[in-house]
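In case you want the letters, here they are:
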Amino acid sequence: MKCTDIQIGDINSKDKPTLEQFAESAEAESSLGKSFLALTQETAWSSDYTVGAYLTDAPFQKPRLVIKHETFVRPLVIKDGTGTDLSLRGIEDAVRDHFRECKEWLQPTLSHLQGQINDLFRAREKITVDKAKAVIVAVFPEAAEATPFSTPWGRDLCAFSTGMDEGPVFVVRMLDLEPAGGVARIDCHPGYWYGLGDGVEKNKMHGLFWAELARAFAARELQIPEKDLGCEDVVATEKPWEFPQVDPYVVEKVVLRDGPGERIVVEFGSDNLPMKAELSMASREEAVGS
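Residues numbered from 1 in each chain as written. Predicted model: local features only at pLDDT ≥ 70, side-chain atom pairs only at ≥ 80, totals over all residues. Heavy atoms only, no water.

**Q** Please set out the overall build of the chain residue by residue, giving values where relevant.
**A** Scanning the chain from N- to C-terminus turns up six helices and twelve strands. Expected size for 290 residues packed as a compact globule is a radius of gyration near 19 Å; at 37 Å, the chain overshoots this value by more than 25%. Each of the three principal axes of the chain carries a C-alpha extent, and together these read 120 × 40 × 30 Å. Each of the 290 residues in the chain was classed as buried or not, and the buried ones make up 39%. For the chain, the proportion of contacts with a sequence separation of at least 24, taken over those separated by at least 6, is 44%. The distance from the centre of the 32 positive side-chain charges to the centre of the 48 negative ones in the chain is 2 Å. (Helix = DSSP H or I, 4+ residues; strand = E, 2+ residues; numbered from the N terminus. Rg over C-alpha atoms; globule rule 2.2 N^0.38 Å. Buried < 20%, exposed > 50% of the residue type's maximum accessible area, 1.4 Å probe, protein only. Contact = heavy atoms within 4.5 Å. Lys, Arg positive; Asp, Glu negative; His and termini not counted. Charge placed at Lys NZ, Arg CZ, Asp CG, Glu CD.)

**Q** Now, about the environment of Gly261: what can you tell me, with residues and values included?
**A** As for its placement among the helices and strands, Gly261 is situated in the loop between strand E10 (249-258) and strand E11 (263-268). Since its relative accessible area comes to 28%, Gly261 is described here as partly exposed. Measuring from C-alpha to C-alpha, the distance between Gly261 and Leu229 comes to 9.9 Å, with 32 residues separating the pair along the chain.

**Q** A description of the side chain of Lys133 should follow, citing residues and the corresponding values.
**A** Along the chain, the position of Lys133 falls in helix H3 (residues 88-139). Although Lys133 is buried, it forms no salt bridge, and the closest oppositely charged side chain is Glu145 at an N-O distance of 6.7 Å. The residues contacting Lys133, other than those within four sequence positions of it, are Ala143, Ala144, Ala146 and Phe160. (Salt bridge = Lys/Arg side-chain N within 4 Å of Asp/Glu carboxyl O.)

**Q** Could you give an account of the nonpolar core, with specific residues and numbers?
**A** Residues Val171, Trp193, Phe209, Trp210, Val254, Leu256 and Val266 are the most contacted members of the largest nonpolar core, which totals 33 residues. Among the secondary structure elements, those contributing two or more residues to this core are strand E6 (157-161), strand E7 (169-173), strand E8 (183-186), helix H5 (205-222), strand E9 (229-238), E10 and E11. With ten residues, the single largest contributor to this core is H5. Tyr49, Val51, Leu65 and Ile67 belong to the second largest nonpolar core, which has 22 residues in total. (Core = buried A, V, L, I, M, F, W, Y, C linked by side-chain atoms within 4.5 Å.)

**Q** Before we move on, can you summarise a nonpolar patch on the surface with the specific residues and values?
**A** A surface patch of nonpolar side chains, about 250 Å² in accessible area, is lined by Val73, Trp105 and Leu106. Examined against the element boundaries, Trp105 turns out to sit in helix H3. (Patch = residues over 30% accessible without salt bridge, like charges linked within 9 Å, V, L, I, M, F, W, Y side chains within 5 Å. Areas by Shrake-Rupley, 256 points an atom, 1.4 Å probe, with all protein chains shown as cover.)

**Q** Summarise the packing of aromatic side chains; cite the residues concerned and give the values.
**A** Tallied over the full model, the rule gives seven aromatic pairs. With a centroid separation of 5.4 Å and an interplanar angle of 75°, the aromatic rings of Trp45 and Tyr49 are classed as edge-to-face. Among the aromatic residues, those joined into a ring-pair cluster are Trp45, Tyr49, Phe72 and Phe99. (Phe/Tyr/Trp six-rings, centres within 6.5 Å; stacked < 30°, edge-to-face > 60°.)

**Q** Got a sec to walk through helix H2 (residues 31-41)? Specific residues and values, please.
**A** Of all the residues in H2, the buried ones are Leu32, Gly33, Ser35, Phe36, Leu37, Leu39 and Thr40. Lining the buried residues of H2 we find strand E1 (2-9), helix H1 (19-23), strand E2 (50-56), strand E3 (64-68), strand E4 (76-79) and H3.

**Q** Provide a residue-level description of the pairing of strand E12 (residues 274-279), including the pertinent values.
**A** Regular strands have side chains that alternate between both faces of the sheet. Pairing analysis gives five bridges linking E11 to E12, with the strands arranged antiparallel. Along E12, the bridge assignment pairs Ile264 with Leu279. A loop of five residues connects E11 with E12, the two strands running antiparallel in sequence, and Asn272 in this loop sits at a positive phi of about 60°. (Pairing = 2+ DSSP bridges.)

**Q** Requested: an account of the environment of Val129, with residues and values cited.
**A** If you trace the backbone, Val129 turns up in helix H3. Overall, the relative accessible area of 10% leaves Val129 in the buried class. Residues Val129 and Leu177, 48 residues apart in the sequence, show an inter-C-alpha distance of 9.4 Å.

**Q** Any chance you could break down the sheet that holds E1 for me, citing the residues and the numbers?
**A** Pairing within the open sheet is mixed, and its four strands lie in the order E1-E2-E3-E4. Strands with a single pairing partner mark the edges of an open sheet, and in this sheet they are E1 and E4. With direction set aside, neighbouring strand axes in the sheet form an average angle of 15°. Bridge analysis of E1 against E2 gives seven bridges, and the strand direction is parallel. Bridge assignment links Gly9 to a residue of E2, and that residue is Thr56. Docked against the sheet, H2 engages E1, E2, E3 and E4, running at close to 160° with respect to E2. (Axes fitted to C-alpha atoms, helices over the stretch in contact; angles between N-to-C directions.)

If you want it as structure tokens, here you go:
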């Protein structure tokens with residue numbers, strides 16, 4: 001350890017001995033004096049520490065060693081007669097214990113700060129969630145009591161439900177923190193939605209979302225009951241990664257089927273929202289042939 005300060009004898013004396021002079025003094029023969037000299041000669045683990053010896057005759061200050069380290073919350077003070085083992089190993093153990101004590105002293109403050117950090121994160125993300133909820137309720141008023149249950153931050157699909165025991169699931173797609181990617185009401189259990197995982201296929205989150213957008217759009221445009229429309233295929237791709245990238249997907253079309261009857265193609269525009277719904281060529285040919 002590096003010696004930083006030595007005080008012996010009269011506390012008011014301005015004369016401070018050097019380490020060599022201290023080694024020749026009577027105080028060097030005391031228990032603390034011997035420990036102090038041993039610490040200044042220790043080189044295996046203590047090069048980042050400093051130690052000062054205060055072996056004065058002050059009436060209200062017992063002789064002590066003061067060990068400091070840049071990570072200590074407060075210095076480690078070692079006094080004789082307090083049960084501390086004054087051997088090198090004993091002081092090493094005291095240093096280790098002091099690290100643990102410093103950690104315990106900091107823990108309440110750390111917990112408080114971590115709580116503040118978490119609150120800041122939640123408050124920031126709540127802006128996005130509240131915007132998503134407002135758009136959903138504007139389209140589906142029955143979602144007024146819905147709460148978010150699948151909003152991993154960084155994902156573009158925010159899902160809401162009125163409870164985890166049953167559907168439906170209300171989903172809004174956020175692009176660049178704006179609800180610009182469409183809103184859908186999906187008749188499935190929240191647990192089913194949560195387990196789908198990302199993907200453009202019809203049995204994945206994004207695929208199912210676009211299929212529901214297409215079903216609702218085709219039902220309005222072609223005056224077909226939405227419950228009669230099933231998804232046959234979702235044709236979409238994921239773009240190569242680049243930064244910045246507002247929307248990483250390209251949705252070409254969703255193919256629906258009206259029960260066992262006509263096949264309906266819903267084309268999507270450049271904004272990845274439904275643009276046009278019409279009977280497929282195959283369905284037209286089947287209709288003409290019949």
